[in-house]
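# Observations on the model geometry
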Protein chains: 2
Amino acid sequence: MFVHNEYMTTEDTLKARRRRQQHPTKVALTRQGILEVALQILHEEGLSKVTMRRIATALDTGPASIYVYFHNTEDLHVQILDALLGQIEAPAATGGQWQNRLKALLTRYRDVLFAYPEIARMALSTRLSGPHYLALVDNALALLQEGGLPDRQAAWAIDLLLLYVTAVAAEQSTRQAAPSAAAEESALAFEVAAADPSRYPQIARLGDELLSGTGQSRFEWGLDTLLAGMLSSD
Amino acid sequence: MFVHNEYMTTEDTLKARRRRQQHPTKVALTRQGILEVALQILHEEGLSKVTMRRIATALDTGPASIYVYFHNTEDLHVQILDALLGQIEAPAATGGQWQNRLKALLTRYRDVLFAYPEIARMALSTRLSGPHYLALVDNALALLQEGGLPDRQAAWAIDLLLLYVTAVAAEQSTRQAAPSAAAEESALAFEVAAADPSRYPQIARLGDELLSGTGQSRFEWGLDTLLAGMLSSD
DNA sequence: ACCTGAACACCGTTCAAGT
DNA sequence: ACCTGAACACCGTTCAAGT
């Protein structure tokens, strides 16, 4: 392999140099400063790189320092998520039916989760909290009340709706993020196509129907189905 | 600290000894043998300990050996999941309405995911496959057909139902598994109770309603809501 | 009081070298 | 052909020691 001598430096040195260039201004070692660096790493390299050690390196300190401000990695990730939710707070106060405004709000929530592949999965496995998350819940509850849902039903409905949106995002975003996504997709299609009709008669019968539709149309159908179910018991 | 001399041995040696005792019969280095060891580790220590290195150690070899039989860690985990799904294949062929039989089948699916805390989350972030998973899908589709759902709708419905069940399991099982589950639960209750009525009027108004119900009753309500929504568009 | 170096106990994956 | 030791490049968390 041909090597330019002036670039003859180890991979690690190159990486360190790149990191330093990305954070030319010294970021303060505070909760805010750490979150700032964490969000930058999230944008550039994904949640899996938002590690205690990686952040500490970016801040030119040891990993132990981060523990002064965050209990553990999960705590850090939850606070990152709430910061991201700050983008979608208020629903359009007017205009259109409550159902459509609720769907728009939930779609914006989904879009945030879509934008950061691994965050959605995190959201499912951790009890969320934080001011922006509470605002999202509150706004959605207001729309359900506007729709005339009884309190108990609205309380359970918001849980179901957010669970659905989060799960869809977790499912979808993983696949588009994974480098093997295309391969997996076709593997499923192959399995459906090759399904033995005597063992799996329904899968063989339905065939391509199982793979039909875009992510968006399925997402909307799911939301409509949930809302229809919630209203049907009135 | 007082130490009995006859037990003076390092932690690592003790661990190695325990592992050896757990696998007294030499397990063959084959796909089946590896899965066998993997399932045992899953039962005893949870999915997070089902690592390439851990399995290799149990089989008295290096981690590279496992890669002869499994592409990577995800591949290994997916195959473990399919083995677990083997427990719930056939629905009761007779007896009761199709809705109730479908709910029973999905509840059994949920129970499997509940029993292994981290598997449910895995199931959400990976395209599932394998004979037992296909059987589950096929059985559920048969019940939807019995209920008279049009094909396209049944195809989308099965996706939504399995997504719901998996997400519920992922959410619930994580909390019961985490050592801090109790603390988190009360932290949420506190947050709801302390919600500023001027910032979060809906949360303050609904209060305890948001935390009402058992996991089981909420799960059933969710299934009923989904089914009602699916049938309402007929 | 606040911060952190160093250590402990792990990971997944690759590849050259062995049988 | 099949298998694997050793290496590479990472992790989270703790704690004794520093300022």
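Below is a summary of the structure that appears in this document.

Calculation criteria
Residues numbered from 1 in each chain as written. Chains lettered and ligands numbered in written order. Predicted model: local features only at pLDDT ≥ 70, side-chain atom pairs only at ≥ 80, totals over all residues. Heavy atoms only, no water. 1 Å grid on protein atoms, 1.4 Å probe; cavity = no way out; pocket = protein on both sides within 12 Å on 5 of 7 lines; lining within 4 Å. Points joined across faces, edges and corners; volume = space filled by probe spheres on them. Helix = DSSP H or I, 4+ residues; strand = E, 2+ residues; numbered from the N terminus. Nonpolar A, V, L, I, M, F, W, Y, C, P; charged D, E, K, R; others polar. Contact = heavy atoms within 4.5 Å. Buried area = accessible area lost by both parts, 1.4 Å probe. Salt bridge = Lys/Arg side-chain N within 4 Å of Asp/Glu carboxyl O. Polar contact = N/O pair within 3.5 Å; in protein donor to acceptor, adjacent residues only side chain to side chain.

### Describing empty space enclosed by the protein
- Overall, the coordinates contain 2 cavities of 30 Å³ or more when judged by the stated rule.
- Forming the boundary of the largest cavity are L160, L163, Y164, A167 and L226 of chain A together with L160, L163, Y164, A167 and L226 of chain B.
- Put simply, the parts of the chain that give the lining of the largest cavity at least two residues each are α8 (151-177) of chain A together with α8 (151-177) of chain B.
- A class-by-class count of the residues in the lining of the largest cavity yields 10 nonpolar, no polar and no charged.
- Within this model, the second largest cavity holds a volume of roughly 30 Å³.
- Taken together, L141, Q145, L149, D151 and A154 of chain A together with Q202, R205 and L206 of chain B make up the full set of residues lining the second largest cavity.
- Among the elements that take part in the lining of the second largest cavity, helix α10 (residues 201-206) of chain B stands out by supplying 3 residues, more than any other.
- Its residues placed into classes, the lining of the second largest cavity shows 4 nonpolar, 2 polar and 2 charged.

### Some words on unusual backbone geometry
- The phi angle at D60 of chain A is positive, at roughly 60°, despite the residue not being glycine.
- Relative to the elements of secondary structure, D60 of chain A occurs in the loop between α3 (52-58) and α4 (73-85).

### Structural notes on the interface of chain B and chain A
- Contact residues are listed per partner, giving 59 residues for chain B and 59 residues for chain A.
- When the two sides are added together, the surface that chain B and chain A hide from each other amounts to roughly 5500 Å², 62% of it contributed by carbon and sulfur.
- It is R127, W156 and W221 of chain B that lose the most area in chain B upon contact with chain A, and together they represent 15% of the buried surface on that side.
- In this structure, the connection of chain B to chain A is made through 6 salt bridges.
- Along the contact surface separating chain B from chain A lie 18 residue pairs in polar contact (both at pLDDT 80 or more).
- The set of elements that each furnish at least two residues to the side of chain B that touches chain A consists of α6 (119-125), α7 (131-146), α8, α9 (181-193), α10 and α11 (215-232) of chain B.
- Top contributing element to the side of chain B that touches chain A by residue count: α8 of chain B, with 17 residues.
- Split into classes, the residues belonging to the side of chain B that touches chain A amount to 28 nonpolar, 15 polar and 16 charged.

Function-wise, these values are silent; they only describe arrangement.
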